[in-house]
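Each chain, letter by letter, is given below.
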Amino acid sequence: TMQSSGHRFRDVEHHPLLADNESYDSSSSEADMAERVWFIRDGCGMVCAIMTWLLVVYADFVVTFVMLLPSKDFWYSVINGVLFNCLAVLALSSHLRTMLTDPGAVPKGNATKEYMDNLQLKPGEVIYKCPKCCSIKPERAHHCSICKRCIRKMDHHCPWVNNCVGEKNQRFFVLFTMYIALISAHALVLCGFQFFSCVRGQWTDCSDFSPPVTVILMIFLCLEGFLFLTFTAVMFGTQIHSICNDETEIERLKSEKPTWERRLRWEGMKSVFGGQPSLLWINPFAGFRIRQLLLRGKKGGPEFSV
C-alpha cells in the first residue's frame, strides 16, 4: 500500500491519469497504445480455445452433412441449416472478440516515482500498488496470475476463451455463452428428430453415412450438446446475475463488501452492453473495425505477447 495520508483509493480513481485504463506499458505513447493486439500466450488456454473451435466445427459437420443434406425435406434442411450456421458464426465471432479484446488491464509497471508525482495527490489520499505487476491498482481490480496483469472488474479467467473476463470484454463473453447454449440446444433437437426419422424409416435412407457411423457421430454430438448446453446455460445465468447485482464472481466468492455505489439492475446491463436495448446488444460485430484490425496486424506490439 502506498500512502500519502488517509482517503480510500476510490477518491482518486477518476483522476485524469488513472481514468485512462488502456492496457499498455506506461512508457508507450498514446498513438502506440491504439495499435496493439491483445493475446495471451498461455499453452492451456490456447489448447482450450482451439478445442472450442474444433467442437463447434464438428457439430456443424454432423448437423450439415449427416442430418440436413441427406434429408428429403428441402425447406427443413434450408431453414435449420441457415439458422444453425448463423448461430455458429455468431458464437465463434463472440469467442474471438472475447479472446482478442483487452479485458481492462491496468497499465503495467506504472507505479513509479515520476508517475506518482504526476498524480498530484492531495493530503490524505491513499492508492494501492500491486506487488506482482508493479502497477497502481484501482478499486475492484484483481491480479491475474495467467495474464500477469491487474484486470479492472475481473470476473474470472476462462481458459476456453484464453483470456480474463473483465470490464471491457464481458459483453462478448456473455454473447459467447448464449450462442453456444443456443446451438447446443438446436443440435439436440435436430438429433432427436433425426433418431426418430431413422428409427421410423430405413437407416440407409436417412443418412449418406453407414448406420453405425451415423449413430456414433450423433451420439457424440448429443453428449457434446448436452455438456455444452448445461455448462454455458449456467454460466450465462451466472453472468447476467452478476451484471444485475453489479458484482463480479471474484467479489462474490470472497464475500467482499461493496465499497462502491452499486448500479441498479437495468443500469448494470446498459453499462456492460452499451446504451439502450437494441439489436446491437446481441451483435458481436458491434464496434468492430476491419481497417483498425489490419493496422494492428501489421504493427503488432508488445501486447501481442502478454
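What you see is a predicted model, and the numbers here were worked out from it, not measured in a lab.

A. Looking closely at the pattern of salt bridges. A full pass over the atoms with the stated rule returns 5 salt bridges. Put simply, Arg-252 and Glu-249 hold a salt bridge, and the shortest N to O gap is 2.5 Å. Note that Arg-252 and Glu-249 are positioned in helix H8 (residues 249-253) at a spacing of 3 residues, about one turn of the helix. Shared partners join several salt bridges into a network, and the residues in it are Arg-140, Lys-153 and Asp-246.

B. Spatial organisation of the UniProt feature "transmembrane region" (unreviewed entry) in the chain. Taken from the UniProt record, the annotation "transmembrane region" (unreviewed entry) applies to residues 43-68, 74-92, 172-195 and 215-236. The distance from the first to the last C-alpha atom of residues 215-236 is 31 Å, and the span holds 100% helix and 0% strand.

C. Region of the structure containing the pairing of strand S2 (residues 126-130). For S2 and strand S3 (residues 135-137), the ladder comprises 3 bridges, and the chain directions are antiparallel. Across the sheet, residue Lys-129 finds its bridge partner in S3, namely Ile-136. Hairpin connection from S2 to S3: 4 residues lie between these consecutive antiparallel strands, with Cys-134 at a positive phi of about 55°.

D. Layout of the environment of Thr-52. You can see Thr-52 is positioned in helix H3 (residues 43-68). For Thr-52, a relative accessible area of 1% puts it in the buried group. C-alpha separation for the pair Thr-52 and Trp-160, spaced 108 residues apart in sequence, amounts to 6.7 Å.

E. Broad picture of the packing of aromatic side chains. A complete count under the given rule lists 6 aromatic pairs for this structure. Ring plane angle 45° and centroid distance 6.4 Å describe the contact between Phe-173 and Phe-176, whose orientation is recorded as tilted. Of this pair, Phe-173 and Phe-176 both sit in helix H6 (residues 170-200), separated by 3 residues, roughly a single helical turn. Assigned by exposure class, Phe-173 and Phe-176 land together as buried. On the numbers, 5.3 Å between centres and 25° between planes, the contact of Phe-273 with Trp-281 is stacked. Neither residue differs from the other here; Phe-273 and Trp-281 are each classed as buried. Through successive ring pairs, a cluster of aromatic residues spans Phe-61, Phe-65 and Phe-209.

F. Local environment of the nonpolar core. Val-63, Met-67, Phe-173, Ile-180, Leu-221 and Phe-273 are the most contacted members of the largest nonpolar core, which totals 37 residues. Per element, the largest residue contribution to this core is 11 residues, and it comes from H6. The residues touching Ile-180, leaving out its near neighbours within four places in the chain, are Val-56, Ala-91, Phe-228 and Thr-232. Core analysis: the second largest hydrophobic core is formed by 9 residues, Ile-40, Cys-144, Cys-147 and Cys-164 among them.

About the thresholds
- Residues numbered from 1 in each chain as written.
- Predicted model: local features only at pLDDT ≥ 70, side-chain atom pairs only at ≥ 80, totals over all residues.
- Heavy atoms only, no water.
- Salt bridge = Lys/Arg side-chain N within 4 Å of Asp/Glu carboxyl O.
- Helix = DSSP H or I, 4+ residues; strand = E, 2+ residues; numbered from the N terminus.
- UniProt positions renumbered as here; feature names shortened; annotations may be inferred.
- Pairing = 2+ DSSP bridges.
- Buried < 20%, exposed > 50% of the residue type's maximum accessible area, 1.4 Å probe, protein only.
- Phe/Tyr/Trp six-rings, centres within 6.5 Å; stacked < 30°, edge-to-face > 60°.
- Core = buried A, V, L, I, M, F, W, Y, C linked by side-chain atoms within 4.5 Å.
- Contact = heavy atoms within 4.5 Å.

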